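Results of the structural survey
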Amino acid sequence: MTTATTRHSRSRVRAFSLLAATEAKLAWRSPSGLVFGLALPALLLVIFGTIPALGRPKQQFGGISFFNLYVPTLILLVLLVLSLLSLPMQLAGYREQGVLRRMWTTPVAPSFLLAAQLALNLALAAAGVGLILGVGAGAFGLVLPADTGGFLLSVILSVGALFALGLCVAAIAGTTQLATGIGLALFYPLAFFAGVYFPLTVIGSSLVNQISEALPSGAAFDALHASFLGYFPSGEALGVLAGYTVVFTAAAVRWFRWDVEQLRQCHGGVAKVIARALTAPGAFISDALTRTVRVPGSPTADEITQALRAGVPSRYEVQPGRKMKRSLLGDEPAGSDYIMVKSGLTGFWRAEVHIVRGTGGTSLQVKPGGDPVYSRIGVARTVGRALRRALS
Amino acid sequence: MRSAASPGAGAPPVITVEHLRKAYGAALAVDDVSFSVRRGEIFGVLGRNGAGKTTTVECISGLRVPDAGEVRVLGLEPRQDREELHERLGVQLQQGALPPKLRVGEVVQLYASFYDRPADAARLLEGLGLGAKRGSYWRALSGGQKQRLSIALALIGQPEVAVLDELTTGLDPEARRETWDLIEGVRDSGVTIVLVTHFMDEAERLCDRVALIDQGRLLALGKPTQLAGQAATAKRVRLRTPGQRGEQILRALPDVIAVEHHGPDVVVTGSGNLVTVLVLALDQAGLVAEDVRTETGSLEDAFLALIARTGDNRVGAGADGPAAETAGR
């Protein structure tokens, strides 16, 4: 028994190291992760480091230079690219192509491949952070954090939070495309709160700061920034990061499936709903705020139009046979089972009535549009009320 | 079914499947399937697309958990003894891609590292005709070469049993024949093979025994020749088109299972004394049956006949039932 176990463990170590080496080789052959994860942040560092004006301390940045303020952001850019783009795309791709399924049929579990891919991205992250610190300190006079422990803790927890989020994306996204969509939809706002586009301090809004502190990239920035300033990072920031790490790791472990089919059976709709909420929030909210008015019999579109014209204020424009989706040529024409109601000077707030005829009666789906939330308490609500009063 | 003198008939079976059941939501994919595979044979799991073949072998390979029933492979329980089983069972999956920029030699070496006693990678690739392709990227391989690499990965652990799923789908005729020779070679080296296919000719050519599966149920089990022989009751008769009216008469006959068009001819599948029945029926309607030829029973006929028969039993319908419809395709 013991000899069998040691033999197994020895061969498993060999299998893992070969897998990791293979993953590294593949990353070198398709180097998008290397380029965007390592080369791009390093290039930004060099650009910002060579502009003399950015190296001067500024009052608005709390007495430090823009360059110094931007170093934690660059570290986070490395982590964000690797965790939210590189890792989920690779893993979702492996599942989609059946690589994980094939591994399941060998004595080595597919978790080995997942671990190898994770190890590779963690190694790249370490290399990226090392590169930024090395080049920054060596060439551009970056002052390294005095409290190494606090800095390392911040980096480790930032890695934990962001990679847990990335693994969660890989867990629920059945295709590379979906993984990319969700990954990018998370990347852009999180990059914003890491200060990639501009330092958040220039906004100076307490609401933005509160949102930032609750998000993994904002909390990570705070922790890293504090350690560069020579303080030990705040307990709140570290707590937020640890919380994200624990919650999203647990979710990823709970949701991960090796096989696309099994993923679909377990929670096929979840990823699509999340992807839609992240990539098309307007349409998602509008769908979620759609209400149905059930009416007996089957009133014609003309009758419904008339009921609407009579029931809504005269400043509302009722347009039968139109959908509220705008196109370049104006409002989109639709079948006779659609009626659009517009309000406001430019017709920005709108509602759409979709007539769905069934056996037991007719459903009128009232969808708010323009600004769906405002429309829901304005024009869409008035439309729903008018329909109910006249037809129910 | 009848027992037959096949290889390993006396030895204990390497795979036993008993009353296997697997549902996806409301859809029953596999419904009470039982069979056993003997050591050293090529066992075919045969059926149309979506019949439940892949689900069956996925349960055998431990990729899926059965809802009910029992599966034993080499005396092991596929889910519990996953590691041990996969040392001894090689699986070639349907549509299993690999990273595009992985080289043939690298992937074989990598998969060899997963096993305790791997085969010699160079010899294996040589034997599968991939010796010259060791340095090629996976994406640069042709369809046939990808399939052969897939077989190589199923055999790299020197398995006692190999499951090969839809091996020749998408291959050109020459590549298919080459793959067939290859599989026979593997069997001759002592590996028991479970071959999943929807090609009747493939099963007829390669398999020692086949299990016919349709709509998740086991229709028949036995030697291909035996099953084809049983289907002698199900015959095919080819005749010159007797016109619209003649066809309607043929379709309405109780013995007729299906009528299909083949150029200017129609091919009638059915049971009983088919030729006499057809000619008489047409004659009574004042029509002449021209150019009547009977065709010998093949595994495909047996399959169609069996599907039609069970379809009749299940839906209780005649020629308009779904089974007859598919059989007539």
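What counts and what doesn't
Residues numbered from 1 in each chain as written. Chains lettered and ligands numbered in written order. Predicted model: local features only at pLDDT ≥ 70, side-chain atom pairs only at ≥ 80, totals over all residues. Helix = DSSP H or I, 4+ residues; strand = E, 2+ residues; numbered from the N terminus. Buried ≥ 20, exposed ≤ 12 C-beta atoms within 10 Å, placed from the backbone. Contact = placed C-beta atoms within 7 Å. pLDDT = per-residue confidence, 0-100. Pairing = 2+ DSSP bridges. Axes fitted to C-alpha atoms, helices over the stretch in contact; angles between N-to-C directions. Domains from an automatic or database assignment. Expected span 1.5 Å × (residues − 1). Nonpolar A, V, L, I, M, F, W, Y, C, P; charged D, E, K, R; others polar. Bend = angle between axes of the 7 residues up to and from the residue. Core = buried A, V, L, I, M, F, W, Y, C linked by C-beta atoms within 7 Å.

Considering the overall build of chain B
Across its full length, chain B holds 12 helices and 13 strands. In chain B, which comprises 329 residues, the share counted as buried stands at 44%. For chain B, long-range pairs separated by at least 24 residues make up 69% of all intrachain contacts whose partners lie at least 6 apart in sequence.

Observations regarding the overall build of chain A
A tally of helices and strands in chain A yields 15 helices and seven strands. In terms of overall dimensions, chain A has C-alpha extents of about 80 × 65 × 40 Å along its principal axes. Counting only residues that meet the buried cut, chain A has 44% of its 392 residues in that class. Taking as baseline every contact in chain A between residues at least 6 positions apart, the subset at least 24 positions apart corresponds to 70%.

Focus: the confidence of the model for chain B
Residue and element names in this part refer to chain B. Summing up the model confidence of chain B, the mean pLDDT is 81 and the portion of residues at 70 or higher is 86%. Per-residue pLDDT, averaged within each element of chain B, yields its smallest value for helix H12 (residues 322-327) (33) and its largest for helix H3 (residues 104-112) (94). Counted against residues more than four places away or in other chains, residues 1-6, with its pLDDT under 50, gives 12 contacts. In the model, residues 312-329 has pLDDT below 50 throughout and makes 26 contacts with residues more than four positions away in sequence or in other chains. Of the two predicted TM-score estimates for the complex, the pTM is 0.72 and the ipTM is 0.72.

Overview of the environment of B:Pro159
Residue and element names in this part refer to chain B. Mapped onto the fold, proline 159 is located in the loop between helix H5 (143-155) and strand E6 (161-165). When the C-alpha atoms of proline 159 and leucine 85 are compared, they prove to be 9.5 Å apart, with 74 residues separating the residues in sequence. Once you skip the residues sitting within four places of it in the chain, proline 159 turns out to touch Arg88, Leu89, Gly90 and Val191.

Remarks on the sheet that holds strand E7 (residues 362-369) of chain A
All names here are of chain A. Taking strand neighbours across the sheet as the criterion, the five strands line up as E1-E7-E6-E5-E2 in an open arrangement whose pairing is antiparallel. In this open sheet, the two edge strands, each paired with only one partner strand, are strand E1 (291-295) and strand E2 (317-320). For this sheet, the mean inter-axis angle between neighbouring strands, taken without regard to orientation, is 20°. Of the strand pairs in this sheet, strand E6 (residues 349-357) and E7 are connected by eight bridges, and their pairing is antiparallel. In the strand pairing of E7, arginine 350 is matched with glycine 369. Of the strands in this sheet, E1, strand E5 (338-343), E6 and E7 are in contact with helix H15 (residues 379-391), which crosses E6 at around 40°.

Topic: the domain arrangement of chain B
Residues and elements named next belong to chain B. Once the domains are mapped, chain B shows domain 1 (15-222) and domain 2 (229-327). At the junction of the two partners, domain 1 supplies seven residues and domain 2 supplies seven residues. Every element with two or more residues in the side of domain 1 that touches domain 2 is listed here: helix H7 (200-206), strand E8 (209-214) and strand E9 (217-222). Here the element with the most residues in the side of domain 1 that touches domain 2 is H7; it accounts for three residues.

A closer look at the domain arrangement of chain A
Assigned domains within chain A: domain 1 (2-279) and domain 2 (284-391). Spacing between the C-alpha centres of domain 1 of chain A and domain 2 of chain A amounts to 45 Å.

Remarks on helix H7 (residues 176-193) of chain A
Residue and element names in this part refer to chain A. Over its 18 residues, H7 extends 25 Å from the first C-alpha to the last, a length consistent with the 26 Å expected when each residue adds 1.5 Å. Turning to H7, its buried residues are Leu178, Ala179, Thr180, Gly181, Ile182, Gly183, Ala185, Leu186, Phe187, Leu190 and Phe193. Remark: glycine 195 follows H7 within two positions and exhibits a positive phi of approximately 85°.

Some details on the confidence of the model for chain A
With 94% of its residues at a pLDDT of 70 or more, chain A has an overall mean of 86. Ranking the elements of chain A by mean pLDDT puts strand E4 (residues 330-333) of chain A last with 64 and helix H6 (residues 148-172) of chain A first with 94.

Digging into the interface of chain B and chain A
Counting residues at the interface gives 22 residues for chain B and 21 residues for chain A. Looking at side-chain class alone, the side of chain B that touches chain A contains 12 nonpolar, five polar and five charged residues.

Side note on the sheet that holds strand E2 (residues 27-37) of chain B
Residues and elements named next belong to chain B. Spatially, the three strands line up as an open sheet ordered E2-E1-E4, and their pairing is antiparallel. Each edge of the open sheet is held by one strand with a lone partner, namely E2 and strand E4 (68-73). Between one strand axis and the next, the sheet turns through 25° on average, direction left out of account. Sheet analysis places strand E1 (residues 15-24) next to E2, joined by eight bridges and oriented antiparallel. Bridging across to E2, arginine 21 finds its partner in aspartate 31. Helix-sheet contacts for helix H1 (residues 53-61) involve E1, E2 and E4, and the interaxial angle to E1 is about 120°.

Section: the environment of B:Val57
All names here are of chain B. Examined against the element boundaries, valine 57 turns out to sit in helix H1. Taking the C-alpha atoms as reference, valine 57 lies 9.1 Å from leucine 164; in sequence the two are 107 residues apart. What valine 57 contacts, discounting residues up to four positions off in sequence, is Val45, Val163, Asp165, Val194 and Val196.

Observations concerning the environment of A:Pro296
All names here are of chain A. Following the sequence through the fold, proline 296 ends up in the loop between E1 and helix H13 (301-311). Taking the number of C-beta atoms within 10 Å as the measure of exposure, proline 296 has 10 and is therefore exposed. C-alpha of proline 296 to C-alpha of glycine 361: the two residues are 65 residues apart in sequence and 4.6 Å apart in space.

Observations regarding helix H2 (residues 32-50) of chain A
All names here are of chain A. Between its first and last C-alpha, H2 extends 26 Å over 19 residues, near the 27 Å set by a 1.5 Å rise per residue. Residue alanine 39 marks the point of greatest curvature in H2, where the axis turns by about 35°; the proline proline 41 follows within four residues. For H2, the complete set of buried residues consists of Gly33, Gly37, Leu38, Pro41, Leu45 and Phe48.

Here's the deal with the pairing of E7(A)
Residue and element names in this part refer to chain A. Both E1 and E7 contribute to a ladder of five bridges, which runs antiparallel. Note that in E7 the partner of threonine 292 across the bridge is glutamine 365. In this structure, the hairpin formed by E6 and E7 is closed by a connection of four residues, where glycine 361 is found at a positive phi of approximately 150°.

So, the nonpolar core
Judged by nonpolar contacts, the single largest core of 173 residues is most densely connected at B:Ala152, B:Val194 and B:Leu195. Looking at this core, the element that brings in the most residues is helix H3 (residues 66-97) of chain A, giving 20 residues. Residues contacting B:Val194, with those up to four places away along its chain left out, are B:Ile15, B:Val37, B:Phe43, B:Val45, B:Val57, B:Ile60, B:Val161 and B:Val163. Residues A:Leu308, A:Met340, A:Val379 and A:Val383 belong to the second largest nonpolar core, which totals 22 residues.

Considering the pairing of strand E5 (residues 89-92) of chain B
Residue and element names in this part refer to chain B. Neither face of E5 is exposed, since Leu89 and Val91 on one face and Gly90 and Gln92 on the opposite face are all buried. Sheet topology places E5 next to E6; four bridges connect them, and they run parallel. Residue pairing for E6: glutamine 92 is matched across the bridge by leucine 164.

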